[in-house]
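Structural overview for review
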Amino acid sequence: MTKKVNILGATGSIGRSALDVIARHPGQWRARALAGGSRVAELVQACEATGAEIAALADETKLDELAAALKARGLRAEPMAGEEALCRIAADPEADAVLLAASGAAGLPQAFAAARAGRRMLLANKESVVCGGALLQSEIRRCGASLYPVDSEHSAIFQSLAAATPSQREKAVIWLTCSGGPFRTRRDLSAVTVAEASTHPRWKMGRKITVDSSTLMNKGLEVIEARWLFDIPPERIRVVVHPESVIHSAVAYEDGAVMAQLGVPDMRTPIAVALAWPERVASGAAPLDFTALSALHFEAPDLERFPQLGMAWEALREGGAACIVLNAANEVAVEAFLQGRISYLSIARTCRLALDAGLSGDVESLEGILAADREARSLARSLIDSGRALA
């Protein structure tokens, strides 16, 4: 029987890759609902290509435009818009799986909706775990949902831990690999431009996550995500710079064995893993040719040039709302940088000052988490608008 997949973030790079994988297996999966942010034309095009039954946008002001565009193409997909609609798609009982690939903390309510509905969750929205923390994991267990990570690094860890017993996991060490971004060897980051920070040497991603990769904040978020996804304490999570991006991450066991997942840099591989697990299916990614690898390089990350990575462990140690604050401050600062309002180095300074403010909050409820996120964003905007975050 063909399984139905709902995709939140269908117009982004992860969503497009997922649609490519699904298209390769027409008898196994099909897209039921597709949701995007505000790009009407791209969403309608995806619906036309897949025959999706539902088309939704986060931007409620685009609902009429979406409905008209669907009608003009002769498509029967039901148009929807707004946060409530996205949460309905995430919790849809007719979907066999939901891919959560929206960008940023905006995807948090959708993740909780999927968890509370007991869905098979394919998670590409790391901010949901960063902010949701223990509460999201508790809801997944309570409601019988299942979570399969789509980030290439966490997919690699998931696969490397698959055969481990609980006692083996208790002593395992996670090694998250990191490409190092475009500025791995650049010493002076004071004059980094938006164009430079928006170009990644290995991966094709959206602008926000590409900037995060350049500051290594993306890896910091992955450290926090790994802590909650795999119930591994922060002191047993390591990061190593590996510019070739062939080893996607690894797990080191007590006996000295290291289990790793290797492959070419292609997000279709972890998407296919999450869709089909425990089975394996073709993803469209090229096979890894070991004979073509001249060398693999590894080095420690430079926490002085990329301080946001170190802030991830700091936020985990601090607990409470600290991880929410760090993520919110970063999202606000990256947006300001992309708008040309602050310098590249001001991104890290905004995060530093926001963490130092010591904001507290209720992290025992979704409403409390969202309130802490709003407060942290307000603080970050104040830091930027007042000039205190300028570097």
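Attention in this report is confined to the structure presented alongside it.

Cut-off values and rules
Residues numbered from 1 in each chain as written. Predicted model: local features only at pLDDT ≥ 70, side-chain atom pairs only at ≥ 80, totals over all residues. Heavy atoms only, no water. Phe/Tyr/Trp six-rings, centres within 6.5 Å; stacked < 30°, edge-to-face > 60°. Helix = DSSP H or I, 4+ residues; strand = E, 2+ residues; numbered from the N terminus. Buried < 20%, exposed > 50% of the residue type's maximum accessible area, 1.4 Å probe, protein only. Lys NZ or Arg CZ within 6 Å of the ring centre and 35° of its normal. Axes fitted to C-alpha atoms, helices over the stretch in contact; angles between N-to-C directions. Parallel < 35°, antiparallel > 145°, perpendicular 65-115°, else oblique. Left-handed = near helix turned anticlockwise from the far one by under 90°. Contact = heavy atoms within 4.5 Å. Pairing = 2+ DSSP bridges. 1 Å grid on protein atoms, 1.4 Å probe; cavity = no way out; pocket = protein on both sides within 12 Å on 5 of 7 lines; lining within 4 Å. Points joined across faces, edges and corners; volume = space filled by probe spheres on them. Nonpolar A, V, L, I, M, F, W, Y, C, P; charged D, E, K, R; others polar. Salt bridge = Lys/Arg side-chain N within 4 Å of Asp/Glu carboxyl O.

Turning to the packing of aromatic side chains, a few remarks are in order. In this structure the tally under the stated criterion is four aromatic pairs. Between the aromatic rings of phenylalanine 158 and tryptophan 277, the centroid separation amounts to 5.0 Å while the plane-to-plane angle is 65°, which identifies the pairing as edge-to-face. One end of the pair, phenylalanine 158, is in helix α7 (residues 152-160); the other, tryptophan 277, is in the loop between α12 (268-276) and α13 (307-318), with 119 residues separating them in the sequence. Neither residue differs from the other here; phenylalanine 158 and tryptophan 277 are each classed as buried. Taken together, the ring pairs in this structure connect Tyr148, Phe158 and Trp277 into an aromatic cluster. For the cation-ring pair, arginine 120 lies above tyrosine 148, with the distance from its terminal atom to the ring centre recorded as 4.1 Å. Sitting over the ring of tryptophan 228, arginine 227 keeps its end group 4.3 Å from the ring centre.

Turning our eyes to something else, we now look at the packing of helix α11 (residues 217-229) against helix α14 (residues 322-338). One can describe the packing of α11 onto α14 by two numbers: an axis separation of 12 Å at closest approach and a directional angle of 155°. It follows from the interaxial angle that α11 and α14 lie roughly antiparallel. Our pair here, α11 against α14, has a crossing hand that is left-handed. Taking contact as the criterion, the partners of Met217, Leu221 and Ile224 in α11 are, on α14, Cys323, Leu326, Asn327 and Asn330.

As for its position among the elements, alanine 354 is in helix α15 (residues 345-356). The exposure class assigned to alanine 354 is buried, which follows from its relative accessible area of 1%. The spatial distance from the C-alpha of alanine 354 to the C-alpha of arginine 377 is 9.1 Å, given a sequence separation of 23 residues. Residues within four places of alanine 354 in sequence aside, it is in contact with Val325, Ala329, Leu379 and Leu383.

Before going further, it helps to examine the sheet that holds strand β1 (residues 3-8). The seven strands lie next to each other as β4-β3-β2-β1-β5-β6-β7, forming an open sheet whose pairing is parallel. Two strands close off the open sheet at either side, each with one partner strand: β4 (78-81) and β7 (146-149). Direction aside, neighbouring strands of the sheet carry axes that sit 20° apart on average. One ladder, built from four bridges, connects strand β3 (residues 54-57) with β4; its direction is parallel. What sits directly across from alanine 55, in β4, is proline 79. The strands that α12 touches are β1, β2 (29-36), β6 (120-123) and β7; relative to β6, the one it contacts most, it runs at about 170°.

What follows deals with empty space enclosed by the protein. Evaluated as defined, the whole model comprises two cavities of 30 Å³ or more. In this structure, the largest cavity encloses a volume near 50 Å³. If you trace the largest cavity, you find 10 residues lining it, with Ser152, His248, Gln261, Thr269 and Pro270 closest to the centre. Ranked by residue count, the leading element in the lining of the largest cavity is α7, at three residues. Residue composition of the lining of the largest cavity, by class: four nonpolar, five polar and one charged. Estimates place the volume of the second largest cavity at around 30 Å³. When residues of the lining of the second largest cavity are traced back to their parent elements, those giving at least two are β1, α1 (13-23) and α12. Partitioned by chemical class, the residues of the lining of the second largest cavity number eight nonpolar, no polar and no charged.

Let's shift gears to the sheet that holds strand β11 (residues 258-262). Overall, mixed pairing links the four strands, which are arranged β9-β8-β10-β11 in an open sheet. At either margin of the open sheet sits one strand with a lone partner, and together these are β9 (237-241) and β11. Across the sheet, the mean angle separating the axes of adjacent strands is 20° when strand polarity is ignored. Relative to β11, strand β10 (residues 247-252) runs antiparallel, the two sharing five bridges. The partner of serine 249 across the bridge, within β11, is glutamine 261.

Another aspect to go through is the pairing of β1. Here β1 runs beside β2; their pairing, made up of six bridges, is parallel. Residue pairing for β2: asparagine 6 is matched across the bridge by alanine 33. With four bridges connecting them, β1 and strand β5 (residues 97-100) associate as parallel partners. Pairing of isoleucine 7 across the sheet is with leucine 99, part of β5.

What follows is about the pattern of salt bridges. Scanning the model with the defined rule gives 28 salt bridges in all. We note a salt bridge from arginine 184 to glutamate 299, for which the minimum N-O separation is 3.0 Å. On the criterion of sequence distance, the pair formed by arginine 184 in the loop between β8 (173-178) and α9 (194-197) and glutamate 299 in the loop between α12 and α13 is long-range, its members being 115 residues apart. A salt bridge links aspartate 212 to lysine 208, with the shortest nitrogen-to-oxygen separation between them at 2.5 Å. Of the two residues, aspartate 212 and lysine 208 are both situated in helix α10 (residues 207-215); the distance of four residues between them amounts to about one turn of the helix. Each member of the pair, aspartate 212 as well as lysine 208, carries the same accessibility label: buried. Linked through salt bridges whose partners overlap, the residues forming this network are Lys4, Arg30, Arg32, Glu53, Asp92 and Glu94.

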